[in-house]
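Spelled out, the chains give:
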Amino acid sequence: MKLSSSIEADWSTFQQPIPQTINKGTREYKKAGMALFLLGFASFSLIYCVQPLLPNLSQSFHIAPSASALALSLTTGFLAMSIVLSSAFSQTLGRKGLMFFSMLLASILNVVCAVSPSWHVLMLSRSLEGFVLGGVPAVAMAWIAEEISPKDLAKTMGLYIAGTAFGGMMGRVGMGILTEFFSWRISMAILGGICLFCALGFLKLLPNSRNFTAQQGLSFKFHLHAWYAHLSHTRLLKIYVIGFLLTSIFVTLFNYVTFRLFAAPYHLSQTQISLIFLSYSLGIISSSIADRVGKKQVMILGFSCMLLGVLLTLSASLFLIILGIGCVTTGFFIAHAIASSRVGELATSNKGHATSLYLLFYYLGSSIIGAYGGNIWQSYGWNGIVILNIFLILIALIVIFSIKPLHSSTPTP
């Protein structure tokens, strides 16, 4: 009887489906990489295209700098809320379709923003744009964690983040240059059209899911249990905090450096300011090589690089300010690539829920601290922005040093 039971157990194990992951070097991997790059490019160019336009929006609608920052903060705030809901709906609707329709609707809404007759209509459109884009980041990270071979996970996540870096850069640089020749309205409409084509390319290129099993119906108890389990995991929770701090520092600096360089003594034009966002190219490179050494050490390196960059921006020299922005950008993408890949490694199940929580914290940092930075800027100027960012970087380093080795606790159930 014992022998029979043993044979049955072995046969049952043998019958369990083996995950068919996509390996680096295959045709499917190349198509997936291109699709994820388009996804990252479109979503992040749509989110951050208003950042170089904040002075323009402030003048066009006769509002304060802190109010104009809502054009980004409201988008990322609604994005943060939507990400959590999207991770639950994607369990039922599937990954690929949800990402495609999110890109499609967001592209259309960007065109709606371009023709908005008032500030309130623009804010409503940007809020809706953030909400529909919630179907992209968490679901993309979950798709990568489920479909890509574990040995290629960090590299593929880096490729997706490189796409987000390119999108963030081109959204900012492209909008700045276009606004020099056209109005900000025409520029936003052009970007919406480009991202629409990206959505169609993504739909054609991305392989269908092989290791995803759709849940029948929406079980709120199941989703609450999954989120609670991840939040109860100490190392995952610390990674979430790191995500919050990362985007808090990054977005706050980029939001208000545009106002600084737009004013005396620099008086830079819209195109000149937008060219500074070419520093995102450093993020494209750094995110793709971030997995080559120890993960904890790389995150420390990333935040240290950000600290150096923030300190450099205290200089009155335009060259040193630009160098500082480059250091902040490099450090940000290094740390973000590692932190986001760690979520997929630490969460052994319900990866969509795990990544949605990381991105919830990530975008809440952009929304809350990014908006609060406007009050700091108006009250204390650039020195206040620098002190705020230094404080956040030091907290992040303390959190990273407190993360215990992988074998010291049990993975998320």
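Parameters at a glance
- Residues numbered from 1 in each chain as written.
- Predicted model: local features only at pLDDT ≥ 70, side-chain atom pairs only at ≥ 80, totals over all residues.
- Heavy atoms only, no water.
- Core = buried A, V, L, I, M, F, W, Y, C linked by side-chain atoms within 4.5 Å.
- Buried < 20%, exposed > 50% of the residue type's maximum accessible area, 1.4 Å probe, protein only.
- Helix = DSSP H or I, 4+ residues; strand = E, 2+ residues; numbered from the N terminus.
- Contact = heavy atoms within 4.5 Å.
- Patch = residues over 30% accessible without salt bridge, like charges linked within 9 Å, V, L, I, M, F, W, Y side chains within 5 Å.
- Areas by Shrake-Rupley, 256 points an atom, 1.4 Å probe, with all protein chains shown as cover.
- Salt bridge = Lys/Arg side-chain N within 4 Å of Asp/Glu carboxyl O.
- Polar contact = N/O pair within 3.5 Å; in protein donor to acceptor, adjacent residues only side chain to side chain.
- Axes fitted to C-alpha atoms, helices over the stretch in contact; angles between N-to-C directions.
- Parallel < 35°, antiparallel > 145°, perpendicular 65-115°, else oblique.
- Left-handed = near helix turned anticlockwise from the far one by under 90°.
- Nonpolar A, V, L, I, M, F, W, Y, C, P; charged D, E, K, R; others polar.

1. What to know about the nonpolar core
Membership of the largest hydrophobic core comes to 124 residues, with the highest contact counts inside it found for Tyr160, Ile242, Phe303, Tyr358 and Tyr363. At 20 residues, helix α17 (residues 351–402) tops the list of elements feeding residues into this core. Once you skip the residues sitting within four places of it in the chain, Ile242 turns out to touch Met299, Phe303, Ala339, Val399, Ile400 and Ile403.

2. Brief notes about a nonpolar patch on the surface
Taken together, the side chains of Ile177, Phe181, Phe182, Ile186, Ile190, Ile194, Leu275 and Leu278 present a nonpolar region at the surface, about 700 Å² in accessible area. Every element with two or more residues in the nonpolar patch is listed here: α9 (153–181) and α10 (184–205). Inspection of the secondary structure assignment puts Ile190 in helix α10.

3. Looking at the side chain of Thr330
Position of Thr330 relative to the elements: it lies in helix α16 (residues 318–346). Owing to a relative accessible area of 18%, Thr330 belongs among the buried residues under this scheme. Polar side-chain contacts of Thr330 include one of 2.9 Å to the backbone oxygen of Gly326.

4. As for the pattern of salt bridges
Pairing is possible between side chains that carry opposite charge, provided their charged atoms lie close to one another. Per the stated rule, a full pass over the model turns up 1 salt bridge. Glu129 serves as the salt-bridge partner of Arg126, at 3.7 Å between the closest nitrogen and oxygen. Placement of both Arg126 and Glu129 in helix α7 (residues 119–133) is noted, with a separation of 3 residues, approximately one turn of the helix. Both residues of the pair, Arg126 and Glu129, belong to the buried class.

5. Quick look at the packing of helix α11 (residues 220–231) against α17
In contact at an axis separation of 9 Å, α11 and α17 are set at 65° when each is read in the N-to-C sense. Here α17 runs roughly perpendicular to α11, going by the angle between their axes. The element α11 and its partner α17 pack so that their crossing is right-handed. Only His353, Ala354, Ser356, Leu357 and Phe361 of α17 make contact with α11, whose side of the interface consists of Phe222, His223, Ala226, Trp227, His230 and Leu231. Grouping the amino acids of the contact of α11 with α17 by side-chain chemistry returns 7 nonpolar, 4 polar and no charged.

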